[in-house]
Structures are given as structure tokens and as C-alpha cells.
Amino acid sequence: MGETKGKSAAVEIDTGERTVRLSSPDRVVFPERGYTKLDLAQYFLAVGPGILRALRNRPTTLQRYPDGAAGEFFYQKRAPKNHPDWIPTATITFPSGRTADEMCPTEVAAVIWAAQYNTLTFHPWPVRRDDIDHPDELRIDLDPQPGTDYTDAVRAAHELRAVLDEFGGLVGWPKTSGGRGLHVFVPIEPRWTFTQVRRAAIACGRELERRMPDQVTTAWWKEERGERIFVDYNQTARDRTIASAYSVRARPHAPVSAPLRWDEVEDARPEDFDLATMPGRFAEVGDLHAGMEERAHSLEALLELATKDEHDHGLGDLPYPPEYPKMPGEPKRVQPSRAKHEE
């Protein structure tokens, strides 16, 4: 862990690679717990190797809270004009066709620099800056709907693990979302487009839904989801991102997104992992996802399943988010109750 030095007006954080200035270190970011901006920076320093592994060379959107965790926030997609020249960028393309240069962290100092600007949560793209059009991660978001909780997400995650193994021997790496849900990331070969990766995610979600119809859904429209775990397949669409491992979430107790081993998923409690407790856990067990990049998997089996679903069951594409242009093969983007009313 690095050291801090300087007056109360500003401190310098030594990351071992370089020194980053942190202004207003005593400013309270989490009022309920009293955690300050300096506490936030020291947290990121303590888990530095882990969060850097999650962000390294990835175009990253910053979720910033200028007035603290209880205040308003905004997503900074474009790297600020004053960003340091030691933080590289990549030009990414949004679904609209517009482009932006996003920061791509290559050292822990970049994370501390972002904390200086009140960044709590980092949203990395599932690509690297040397190939921005071919994801190298399949990210499955298990999102509890009203009436469900983390325990329900755990049941879905265990069955998801079996689905992944059966379709291509895929290995998923679980983490808490920082809320009630679970994320499972699968390292993949960067051979497929965003559209193809999303198609694989839909096939995976549908297979999980078939096995757990009363507990899991892929229904995009909230009115159809019920009290089930929603497999948010659209989190794999271009420009949709998921909070990175070790990101801090803007809830009163400052929870963080915590990597887990599969054998601890069931007994883990999301509220146990926060800005105060995670450094000790990291010091004890290290980055549990450190081995993620050792093996990249193929999506061929899931894509074959998608083709089978389409040919045998008439299950084609599912709706994209509302801000996306109409996509080829996409069904009508109208919620079912409104569609019936219009008929």
C-alpha cells in the first residue's frame, strides 16, 4: 500500500508508480459512515492490483458524484481535456455512430486520479483498447426483481454455472454487484462482434430460463418479469457496461463489488463487502479473479444454441434498450400492454 503526505488542504498519494495529488482529502463522501475522499483513495490503493486487473487497457466510463454519494451523479464517457498524458485513451463508437475518447487505465495511479474527481464506480467496456470492436468478456448480469433478493440470484448463478459448462466448457467468475445481484464474467476469445456476444448472452439466458422458469426471466419489459431474476442480456450491447470488480457503489454503507469463489457464493452476503472491510479481505485472499485471463473461451456452442432456438422454437432477437437505433431482426420495441391497447 502506498503512502500519503502533505497538508490537510491537499495530500499526495504515492502509488509506487507516480504521485497523484488529492485535494480536499477531508471532504466527506459517505455521510452515514463518515468516509472521506482520502478514505476512498486509500481504499482504491489497498485493492489496486485487483481493480487495475479489472480495468487495464479497457475504455472506461467514470460514474462521478461531485456532491458525495448521497448527491447527484453523472457518467463521464469522454476523457477530460485536462487528463494526464500518462493515461492512454481509446476512441470508442456509440450505437448512434458518434465517437469519444475514453480513458484506458494502465496503472493504479489512474484510479486514484479518477477518485480525485469523485469517481466511485468504474464502468469498463468488455474490450481492450487495441481491439475495440470485439469483446473479450461475456458478462452475465443476474438482476433481482422486486420480491427477490441475493439468495434467489445465488440459485440462478449455480444453475448458470452448469449451463456455461455444458455449452463449451465455459468458466464463469462470480462477483457481487454491490447491490442485491450477482455478475458472472466469462473470458472469451476476441473473435465475435458485440451483436454476436449479445446473441450468445440471450441464448444462455433462455437456457437458464427453461431450467428455472419460475425463478428466472429474460423478459425485457418489467411488466412481464414478475418476482424472478432477470438475466439482463442488454448489458452485453455496445456501450452498455457493468460496474467493475472493486468499484464502490453509492449506497449509505459504501458497498463494493466483490469477487467471489464459487464455493463461497452461497454463504456470502453483499453487505459484508464495503469500503472498510474489503482492504482486509484483499490483504488476506488477494484478487480472487487474478486468474481470469489465463484461459479465453469460445462462444461457438452458445451461438449454435442460439441458432437452434431460432430454427426449432422461433426464438429470434429480443428488444434493445430504447436509446438504440432499430436493429436488424429486432422485434417491435413496444411494451406488451401498450401493444395490446393499440390493437
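Scroll up to find the structure.
Since we're looking at a predicted model, the values are computed, not measured.

Asks: Can you help me understand the layout of surface pockets in this one?
Replies: Over the atoms rolls a probe the size of a water molecule, and its path tells where empty space is left. There is about 880 Å³ of room inside the largest pocket. Those elements that provide at least two residues to the lining of the largest pocket are β6 (60-64), β10 (119-124), β11 (137-144) and β13 (182-187). Take the lining of the largest pocket: its biggest share by element is four residues, from β11. Looking at the lining of the largest pocket residue by residue, the class counts come to 11 nonpolar, 11 polar and 11 charged. Looking at the second largest pocket, its volume works out to about 240 Å³. In this structure, the second largest pocket is lined by 16 residues; those nearest its centre are Arg198, Arg199, Ile202, Gly316 and Asp317. Put simply, the parts of the chain that give the lining of the second largest pocket at least two residues each are α5 (194-211) and α7 (300-313). If you tally residues by element for the lining of the second largest pocket, the top one is α5, at six residues. Residue composition of the lining of the second largest pocket, grouped by class: seven nonpolar, three polar and six charged.

Asks: Help me out: how do you make sense of the sheet that holds β13 in this one?
Replies: Strand pairing in a sheet is mediated by backbone hydrogen bonds. Such pairs are either parallel or antiparallel. With mixed pairing, five strands are arranged side by side in an open sheet as β12-β13-β11-β15-β14. Each edge of the open sheet is held by one strand with a lone partner, namely β12 (173-176) and β14 (216-217). Here two bridges tie β14 to strand β15 (residues 229-231), and the two strands are oriented parallel to one another. Within β15, the residue paired with valine 216 across the bridge is isoleucine 229. Helix α4 (residues 150-166) contacts β11, β13, β14 and β15 of the sheet and is inclined by roughly 20° relative to β13.

About the thresholds
- Residues numbered from 1 in each chain as written.
- Predicted model: local features only at pLDDT ≥ 70, side-chain atom pairs only at ≥ 80, totals over all residues.
- Heavy atoms only, no water.
- 1 Å grid on protein atoms, 1.4 Å probe; cavity = no way out; pocket = protein on both sides within 12 Å on 5 of 7 lines; lining within 4 Å.
- Points joined across faces, edges and corners; volume = space filled by probe spheres on them.
- Helix = DSSP H or I, 4+ residues; strand = E, 2+ residues; numbered from the N terminus.
- Nonpolar A, V, L, I, M, F, W, Y, C, P; charged D, E, K, R; others polar.
- Pairing = 2+ DSSP bridges.
- Contact = heavy atoms within 4.5 Å.
- Axes fitted to C-alpha atoms, helices over the stretch in contact; angles between N-to-C directions.

Note that every value here comes from positions in space, so none of it alone points to a role or purpose.
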